[in-house]
Amino acid sequence: MSAPLDRYAGHFERLCALPAAERAAALAALPLTAQERAMLRELLDADADADDPLTQVLADSADGLMAERVQRLGPYRLLREIGVGGMGTVFLAERVDGGFAQRVAIKLLRGFPTREGLRRLRQERQILAGLDHPNIARLLDGGETADGQPWLALEHIDGLPLLAWAAQHAPRLAQRLALFDAVLDAVAHAHQRLVIHRDIKPANVLVNAAGEVKLLDFGIARLLDLDTGQASRDTSTRVFTLGYASPEQREGRAVTTISDIYSLGRLLAELVGATAAPAGVALPALPLDTELAGIIAKASDPDPAHRYASAGELRDDLDRYRDGRPVRAARVTRWYRLRKFVRRHRLAVALTSLASAALLASWGYALYQAGEARSQARRAARHAGDVRELANRFISGIFAQIVDVPGTQAAQLTLLDTGIEYLNRLQSEAGDDTDLLLDLADGYNTLSRIQRRLYTDPARRVGTAQQALQLVEQVEARLPPTARTYTLRLSALTELACAEAAAGEFAAARTHFDAALGLARAPRSQPDDFALARQRAEAEFQFADEAGIELAPLQRVALYAQAAAGYTTARVLAGTDTARDDVDDSIAATRMKSARLLLGERADPQHLAKAMAHAEEALRLQQALYQRHPRSLRHLANLVLAAGGVAKVAGRLGDYGRAREAYAITRDYDARLQRLDPDLPVAAVNRIALGFEQVDMERRAGGEPTALLGQLAAIEGQIAQVPAELADQRVLHAMRAWLHTLRAELNLRRSEDPALAASERRALKQEALHDYERGAAQIALAPELVGAEEQATLELLRSGPARVRASLAAMQRGPTPARGAARHVGASARSTR
Amino acid sequence: MRDAAGDHDITRLLAAWREGDEQAREALMQRVYVNVRAIAAQSLRAMPAATLSATDLAHEALLRLLGSELDWNDRQHFYRVAAQATRQVLVDAARRRLSDKRGGGAPHVELDVAQALPTPERDEQLLRIDEALRALASDDARRAQVIELVYFGGLSRSEVAATLAVSEGTVDRDLRLARAWLKTALRA
């Protein structure tokens, strides 16, 4: 059938325009061959037939394509579609390679993988990777299909949406509130990691058969913006659920964690039946009292400023409500308070009334006793005043003066021991003197920071921080909290968490970090002073910084940004130049850290640009500080790090010329540091790390392997000389892992040199194999030290043995072109703080 | 083509193709192919059975992919590439399924998925449509393109008119005749 349709077009149109009944006659009258006439009739018949098989065929084919496309993803087999969200489709799937059938939920972008969609799914993966909570559906796996579609495998929750579950089980109020508690916990966990869910609603909360609650769908969740502390505005698509989204979200204004509080309030309202449940859900309403109604109203107040400031605050008020204590949300009247008081203390109030009467009888005696106690206290106070002054001068004074003075390492270690002994003795004499107790807590806090700097045995650091925490608690049991107790508690919790992480007690570290962050982010009715503002920022910084605390790299970056914002606030409150310089040093540290982390996010060119900007800012700040304090060990050590950061970023951007220049500057600063103090342990560690980074950069730049092996040997010598107190610490494992990996890579490259004898080449390959194995063994000893930056090292270690074997096999077969593996080894360095 | 460099690349390729560079067209097809597989699945599935409405989603996706800076002419060209690629994707899939079946190669399809797969008759119909379109294109390029843009590209009649630089009336007439002709080809 190859007749050009043009021949029929004119006739076809005219005939189509005629009423159907006249067409046959008109067709017969046309001057056409029999064949042409038959063709035209066929065309008219086909046109008259309303059926459109084309559409049907194409739709079925497309369906088939979809079905084939999503049949298998990685190790998972898709079973059926279980949900459609804003951006993605969720499938039930099961693992096919394991011995047991693990069911998972697979999330795929629907349809066309737009850049926005890809960005979101990547972000969801990042966000989920940083969350680890029993009430949040867990991320299990992720990958990309052959045609570039990303997917996520999530914990599959076989359960009912919250309201449907409640309708089925008709729980009592206490049970409903317990369900809500679990949601609150999940949200609080997310908020502490700077994640805003943005779509909290009953449909995104599932309850399984065991009654466990899981919060789902972080598909439109956001990290708090790196710079503003608010979720950055979504310019592309504003997605939200009416009825649950806060007014600010609906209006496209900036969304914060407090916007989630609004949604939580709406959810609670439906859960307890304060508002009608959505159509289709028959949820029996409960009689609602004014306090609970007040809590709901406060949580979902249209004005964010009137809502609870955090999930923790909302939880607190619900706890009060359950305990029968006055809730914050209720309008506080005397009568309300009294009524509440009597209800909770029905028994206790009765007893007090009796006791009061009895007390009156012995009033005189009590007064006498009080007078005695006061004069004893005066004597005690004099003594305590003396020792306190001594303690303060000793810890804050002496340490502050010598801690950055060159050549005082040994003295500091001695002082540290003396200091702890001194504090212990004082503590036993402190009695009830709350001021002294707080001074002691301060002292322990200071000592544990110094221990951190000196790489003291982590177990001992834990002990010091615990002492501080105990002392604060002792005081808080007696007195209402003040800015000082708040600061000291925050500081003690932070130090404790850091020490525990260093000791490898990650569960405990996590708990204490959670507590510290809760404090760091809770508002107080009084404005902060400098110490508290700085301590808040410090908590964020340490949380982001500690190895072994699992956070997605971008979450760490966001936390560093949060810390930087906090330090900036503290800077305004700082009363002295020293305090301001201190804060600048901390801001530089946050920049340097985030620059290095952003290097791990190379897929996004914006991140690389940001990495360079951050590295340069850190360097600028440190250079200014160094100029003001040319003999300060800390500032010089941090300047070395900042310069090394710029070098690393430049190298990773492929700007080897600039990187070499920056490394030369780094070495120059480091030489000055060594002249000032040859024994600074932190400097020794950083020197080794920067050395590795430089060798790795040259390796990737295609440097001559023999020369680089020589540099590695020099670094190995430095490792052998690290101070004894470091010798059994985890950081050493990371160093040795780098050493082995780099040496293996370089030997493998050397072994491709055709100028060498075959036996020699084989020996080099064997040596590389040996190094890969030893490197892997070191990593196994301290896996938590492998952060996002070091993933590439791991990859080299993993693939190394296979590459060596392949290359040995290739030698057996005959000559092959050398393979230039362009990979990199990351390194992390520690700032002196 | 998910990064800035990729977009730039597409623009360059489109320009080269407009200048008559056939290799650029091939390269473009290759680049677009992968993403169009997804469009095909999405847009055709969403298509109501009775009418051939424009598929907004695929368009939006294309526009996002291309970015707003893209020249209007380039956009029209891109639609053509996308429609061609979609057709190619569907035909390839149908051929593969049929040859799997004939060769006895286990299709390795799970039960639930198998229900969603087209029958061999459907696959053969699709191949017949493809063949008929190729025959048509050899001496009636414009009508073949109208069909391709509407059915495989999901374009509206006004967009087809703009893309082919003809009036909407012409598009309507071409579409009606070519569709009738394809139906007869399917019946044969």
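Residues numbered from 1 in each chain as written. Chains lettered and ligands numbered in written order. Predicted model: local features only at pLDDT ≥ 70, side-chain atom pairs only at ≥ 80, totals over all residues.

**Some details on the overall build of chain A**
Then, number 1: Within chain A, the secondary structure is distributed over 30 helices and eleven strands.
Then, number 2: Within the span of chain A, comprising 833 residues, buried residues form 44% of the whole.
Then, number 3: Within chain A, counting contacts between residues at least 6 apart in sequence, those at least 24 apart form 67% of the total. (Helix = DSSP H or I, 4+ residues; strand = E, 2+ residues; numbered from the N terminus. Buried ≥ 20, exposed ≤ 12 C-beta atoms within 10 Å, placed from the backbone. Contact = placed C-beta atoms within 7 Å.)

**Comments concerning helix α1 (residues 6-17) of chain A**
Then, number 1: Compared with an ideal rise of 1.5 Å per residue, which puts twelve residues at 16 Å, α1(A) spans 17 Å between its outermost C-alpha atoms and is within 8% of the ideal.
Then, number 2: Of the residues making up α1(A), those classed as buried are A:Tyr8, A:Phe12 and A:Leu15. The arc enclosing the buried residues of α1(A), seen along the axis, measures out at 70°, which places them on a common side. Across from the buried face of α1(A), at angles greater than 90 degrees, the exposed residues are A:Asp6, A:Gly10, A:Glu13, A:Arg14 and A:Ala17.
Then, number 3: Packed against the buried residues of α1(A) are α2 (20-29) and α3 (34-48) of chain A together with α9 (168-187) of chain B. (Expected span 1.5 Å × (residues − 1). Arc of directions from axis to C-beta.)

**Quick look at the confidence of the model for chain A**
Residues and elements named next belong to chain A.
Then, number 1: Residues at a pLDDT of 70 or more form 75% of chain A, whose mean pLDDT is 77.
Then, number 2: Of all secondary-structure elements in chain A, the lowest mean pLDDT belongs to helix α13 (residues 346-361), at 27, while strand β10 (residues 213-215) reaches the highest, 94.
Then, number 3: Predicted confidence for residues 226-230 stays below pLDDT 50, and this span has twelve contacts to residues more than four positions away or in other chains.
Then, number 4: Long-range and interchain partners of residues 816-833, a stretch whose pLDDT sits below 50, account for 51 contacts in this model, where long-range means more than four residues apart. (pLDDT = per-residue confidence, 0-100.)

**A closer look at the pairing of strand β6 (residues 150-155) of chain A**
All names here are of chain A.
Then, number 1: Judged by how many residues are buried, β6 sits mostly within the fold: five of six residues are covered.
Then, number 2: Where strand β5 (residues 139-144) and β6 come together, five bridges link them in antiparallel fashion. Directly across from Gly143, in β6, lies its bridge partner Trp151. (Pairing = 2+ DSSP bridges.)

**Some thoughts on the sheet that holds strand β9 (residues 205-208) of chain A**
Where strands meet in a sheet, backbone hydrogen bonds hold them as pairs that are either parallel or antiparallel.
Residues and elements named next belong to chain A.
Then, number 1: Pairing within the open sheet is antiparallel, and its three strands lie in the order β7-β9-β10. Strands with a single pairing partner mark the edges of an open sheet, and in this sheet they are β7 (159-161) and β10. Ignoring strand direction, the axes of neighbouring strands in this sheet form an average angle of 30°.
Then, number 2: For β7 and β9, the ladder comprises three bridges, and the chain directions are antiparallel. Paired with Pro161 across the bridge in β9 is Leu206.
Then, number 3: Across the sheet, helix α6 (residues 162-169) is in contact with β7 and β9; its angle to β7 comes to roughly 105°.
Then, number 4: Contacts from helix α7 (residues 173-192) reach β9 and β10 within the one sheet, and its direction differs from that of β10 by about 35°. (Axes fitted to C-alpha atoms, helices over the stretch in contact; angles between N-to-C directions.)

**A few points about the environment of A:Leu625**
Residue and element names in this part refer to chain A.
Then, number 1: Relative to the assigned elements, Leu625 resides in helix α23 (residues 605-628).
Then, number 2: For the pair Leu625 and Asp582, spaced 43 residues apart in sequence, the C-alpha separation works out to 9.1 Å.
Then, number 3: Aside from chain neighbours lying at most four places away, what touches Leu625 is Asp581, Asp584, Asp585 and His635.

**Description of helix α22 (residues 577-598) of chain A**
Then, number 1: Between its first and last C-alpha atoms α22(A) spans 31 Å; for 22 residues at 1.5 Å apiece the expected length is 32 Å, and the two agree.
Then, number 2: In terms of residue burial, α22(A) counts as a mostly covered element, since 16 of its 22 residues are buried.

**Quick look at the nonpolar core**
Then, number 1: If you look at the biggest cluster of nonpolar residues, it comprises 159 residues, and the most contacted ones within it are A:Ile106, A:Val183, A:Val187, A:Leu264 and A:Ala441.
Then, number 2: Excluding its chain neighbours within four sequence positions, the residues that come into contact with A:Leu264 are A:Val183, A:Leu184, A:Val187, A:Ile200, A:Ala299 and A:Leu314.
Then, number 3: If you look at the next biggest cluster of nonpolar residues, it comprises 40 residues, including A:Val57, B:Val89, B:Ile147 and B:Trp181. (Core = buried A, V, L, I, M, F, W, Y, C linked by C-beta atoms within 7 Å.)

**A closer look at the packing of helix α6 (residues 120-139) of chain B against helix α7 (residues 141-152) of chain B**
All names here are of chain B.
Then, number 1: Orientation of α6 relative to α7, taken along the N-to-C sense of each, is 140°, at an axis distance of 6 Å. Between α6 and α7, the contacting residues are Leu133, Leu136 and Ala137 on the first element and Ala141, Arg143, Ala144, Ile147 and Glu148 on the second.
Then, number 2: Its residues assigned to classes, the contact of α6 with α7 comprises six nonpolar, no polar and two charged. (Nonpolar A, V, L, I, M, F, W, Y, C, P; charged D, E, K, R; others polar.)

**Considering the environment of A:Tyr321**
All names here are of chain A.
Then, number 1: Examined against the element boundaries, Tyr321 turns out to sit in helix α11 (residues 311-323).
Then, number 2: Residue Tyr321 is classed as buried on the basis of its C-beta count, with 20 C-beta atoms lying within 10 Å.
Then, number 3: The sequence separation of Tyr321 and Ile295 amounts to 26 residues, and the corresponding C-alpha distance is 8.9 Å.
Then, number 4: Discounting chain neighbours no more than four positions away, the residues touching Tyr321 are Glu291, Leu292, Ile295 and Val327.

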